[in-house]
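Examining the three-dimensional arrangement
Next come the chains, spelled out residue by residue.
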Amino acid sequence: MSHTEATLRLPLLLIFSLCLLGTRAFSPLLLASSSRQQRPHFHELHLSSPASSTEEYVKLDGKNPSEEWELDCYSRPVIVNGKKLWEVLITDSTGSFRYLKTLPSNQVNSRELRKVVEQVMEERADEYGVKPTTIRFFRGAMFNMINIALSELEVVARPSRCTFSLAQWLEERHSKVYPAMEGYKSSMATAAGPSFMDIRTPIKLPDALRGEKYAFVSLPLAEFLPGGSIDESNIGVGRLCPINPDEFPADAFVQGIVILTTRAKALSSWLAGTEVVGLSADLRRRTLLMETDIDTQYLMAKLNDEQRKEAAVFEEGKDVLKGLHFISVQRDEEDDPAGFWLLREIPQGI
């Protein structure tokens, strides 16, 4: 099989070798470099201690309200009066606001949760004229209760791990807030683990949606920050997760995968509908997996020795940037993406 080197029509040229799905031969991956770095001004949010209040509502300046909200209702690694602390967290996809309310354990039910969500919806509508059209939630253990609560509201309840603003907030609370609270139990935090099943059988990707070629590539982190060239205007039907630039080195590279297919629009639309959350390489089983919704995996490709080496670099790069990576779907190397997703894996233990 011949190997094709091509450039991706994105703001920065990427040089890579395209891999024919289902074949065994690959050429080494070549990464581009960039000297342009730009760091935006970032405002840190200082939350008040939840120990003195059962309800908090914080608005973040400089962020536009979104109709896509993110919700979590779960126990935290804190014991209050002999019982677990339960919290409801609500934010939107841009992180323009953060609402928190603690619940007594005997009020953790769909009826009380619906009341909380309704209250926040009314407050946001009165203040900004914005109501959510979609509310995402990632926690499989609370699926039934949250789904029932949202079913009686005029919103689309969407089980999804694409709750990037919420995950960022939960990370902050687990690292800074909960450990400082009286009754904190570190053993409860470390025992939390992932909120979805780890033992899963990947589903074969439908033949009509399989790409003909793919490649491991990378882009400078600066391209995704304010002043960079990748934004909502050139990502097709994709999404860009929020980034805190203070978390990462200014010269960092984001690992990603480009999928080339003559059915780029169809594949991109399908990915958007399935709540694609990322790609992962199982180096032991030598498989490349696509993660969607709460717990679904699709088998995208099997990895030979050379592919496995490239996949190892891909996974190492994800680890350095706390799960940050991207997917680009396009018709060919000269075409603009039909869908481009900047994604971040939800960390375990939140």
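Predicted, not measured: the structure shown is a model, and the values here were computed from it.

As enumerated under the stated definition, the model contains 10 aromatic pairs in all. Summarising the aromatic geometry, the rings of Y57 and F97 are spaced 6.2 Å apart at their centres and angled 65 degrees between planes, so their arrangement reads as edge-to-face. Of the two residues, Y57 sits in strand β4 (residues 55-59) while F97 sits in strand β7 (residues 97-103), which places them 40 residues apart along the sequence. Three or more aromatic residues link up through ring pairs in this structure, and these residues are Y57, W69 and F97. Its end group placed over the ring of Y74, R139 keeps NZ or CZ at 4.0 Å from the ring centre.

So, on to the sheet that holds strand β14 (residues 287-292). With respect to topology, four strands assemble into an open sheet ordered β10-β15-β14-β13, the strand pairing being mixed. Of all the strands in the sheet, just β10 (203-204) and β13 (276-282) have a single pairing partner and so form its edges. Bridge count between β10 and strand β15 (residues 296-302): two bridges; the pairing is parallel. Bridged to K204 within β15 is L299. In the packing of helix α6 (residues 305-320) onto the sheet, contacts are made with β13 and β15, and the angle to β13 comes to roughly 130 degrees.

Attention now moves to α6. In this model α6 runs 23 Å from its N-terminal to its C-terminal C-alpha over 16 residues, within 8% of the 22 Å that 1.5 Å per residue would give. For α6, the complete set of buried residues consists of Q307, E310, A311, F314, E315, G317 and K318. For α6, the angular spread of the buried residues around the axis is 160 degrees, confining them to a single face. Opposite the buried face of α6, by more than 90 degrees, sit the exposed residues D305, K309, E316, D319 and V320.

Residues with a pLDDT of 70 or more make up 82% of the protein, whose mean pLDDT is 84. Every residue in residues 11-17 is under pLDDT 50, and counting partners more than four places away or in other chains gives 37 contacts. With pLDDT under 50 throughout, residues 22-53 is counted as low confidence; its partners more than four residues away or in other chains account for 75 contacts.

Moving on: the sheet that holds β4. Reading across the sheet, the six strands line up as β4-β7-β6-β5-β8-β9 and stay open at both edges, with mixed pairing between neighbours. The outermost strands of the open sheet, each flanked by one partner alone, are β4 and β9 (156-159). Pairwise comparison of adjacent strand axes, ignoring direction, gives a mean angle of 20 degrees for this sheet. For strand β5 (residues 68-80) and strand β8 (residues 134-137), the ladder comprises three bridges, and the chain directions are parallel. Paired with E68 across the bridge in β8 is T134. Along the sheet, helix α2 (residues 143-151) contacts β5, β8 and β9; its crossing angle with β8, the most-contacted strand, is approximately 170 degrees. Packed onto the sheet, helix α3 (residues 164-177) meets β5, β6 (83-92) and β7 and runs at close to 140 degrees relative to β6.

Within the structure shown, the criterion is met by three cavities of 30 Å³ or more. Each pocket or cavity is described by its volume, and for the largest cavity that value is around 70 Å³. Taken together, F164, A167, Q168, E171, C241, P242, R344, E345, I346 and P347 make up the full set of residues lining the largest cavity. When the residues that make up the lining of the largest cavity are grouped by side-chain class, the tally is six nonpolar, one polar and three charged.

Next up on the list: the nonpolar core. Y214, F224, I257, I259, L288, M290 and L324 are the most contacted members of the largest nonpolar core, which has 49 residues in total. Dropping the residues within four chain positions of it, M290 is found in contact with I259, W270, L271, V276, G278, L279, T296, Q297, Y298 and M300. If you look at the next biggest cluster of nonpolar residues, it comprises 24 residues, including V88, L113, V116 and L153.

Counted under the stated rule, the structure contains 21 salt bridges. Between E171 and R344 there is a salt bridge; the shortest N-O distance is 3.6 Å. With E171 in helix α3 and R344 in strand β17 (residues 339-344), this pair connects stretches of sequence that are 173 residues apart. For R344, a relative accessible area of 10% translates into the label buried. Note that E247 is salt-bridged to R344, the shortest N-O span being 3.2 Å.

Quick look at unusual backbone geometry now. One non-glycine residue with positive phi stands out, namely E275, at about 60 degrees. With respect to the helices and strands, E275 occurs in the loop between α5 (264-273) and β13. In this structure, K322 is a non-glycine residue whose phi angle is positive, near 55 degrees. Turning to its location among the elements, K322 is positioned in the loop between α6 and β16 (324-330). Assessed through its relative accessible area of 42%, K322 is described here as partly exposed.

About the cut-offs
Per chain, residue numbering runs from 1 following the sequence as it is written. The predicted origin of the model limits local features to residues at a pLDDT of at least 70 and limits the giving and counting of side-chain atom pairs to 80 or more, whereas totals for whole chains, interfaces and linings rest on all residues. Only hydrogens and water are set aside when side-chain values are computed; all heavy atoms of the structure are taken into account. Note on aromatic pairs: the rings of Phe, Tyr and Trp (six-membered ring only in Trp) are paired at centre separations within 6.5 Å, and the planes decide the class, stacked below 30 degrees, edge-to-face beyond 60, tilted for the rest. Here a strand is any run of E in DSSP of at least two residues, a helix any run of H or I of at least four, and the numbering for each starts at the N terminus. By definition here, charges over rings are those cases where NZ of Lys or CZ of Arg is within 6 Å of the ring centre and within 35 degrees of the ring normal. The rule for pairing is simple: two strands pair if DSSP sees at least two bridges between them. The contact rule is simple, with two residues in contact once any of their heavy atoms fall within 4.5 Å. What counts as an axis is a line fitted to C-alpha atoms, over the stretch in contact for a helix, and the angles between N-to-C directions run from 0 to 180 degrees. Expected helix span is computed as 1.5 Å times (number of residues minus one). Each residue is placed in one exposure class: buried if its accessible area under a 1.4 Å probe, protein chains only, is under 20% of its type's maximum, exposed if it is over 50%, and partly exposed if it falls in between. The arc in question is the one spanned by the directions pointing from the helix axis to the C-beta atoms. On a range of 0 to 100, pLDDT expresses the predictor's confidence in each residue. Points on a 1 Å grid over protein atoms alone make up a cavity when a 1.4 Å probe fits among them but cannot get out, and a pocket when they form an open set with protein on both sides within 12 Å along at least five of seven lines; lining residues each have an atom within 4 Å of a point. Grid points are joined across faces, edges and corners, and a volume is the space filled by probe spheres set on the points. All residues other than Ala, Val, Leu, Ile, Met, Phe, Trp, Tyr, Cys, Pro, Asp, Glu, Lys and Arg, Gly among them, are scored as polar; the first ten of these are nonpolar and the last four charged. Note on terminology: a nonpolar core comprises buried Ala, Val, Leu, Ile, Met, Phe, Trp, Tyr and Cys residues joined through side-chain atoms within 4.5 Å. Whenever Lys or Arg places a side-chain nitrogen within 4 Å of a carboxyl oxygen from Asp or Glu, that contact is recorded as a salt bridge.

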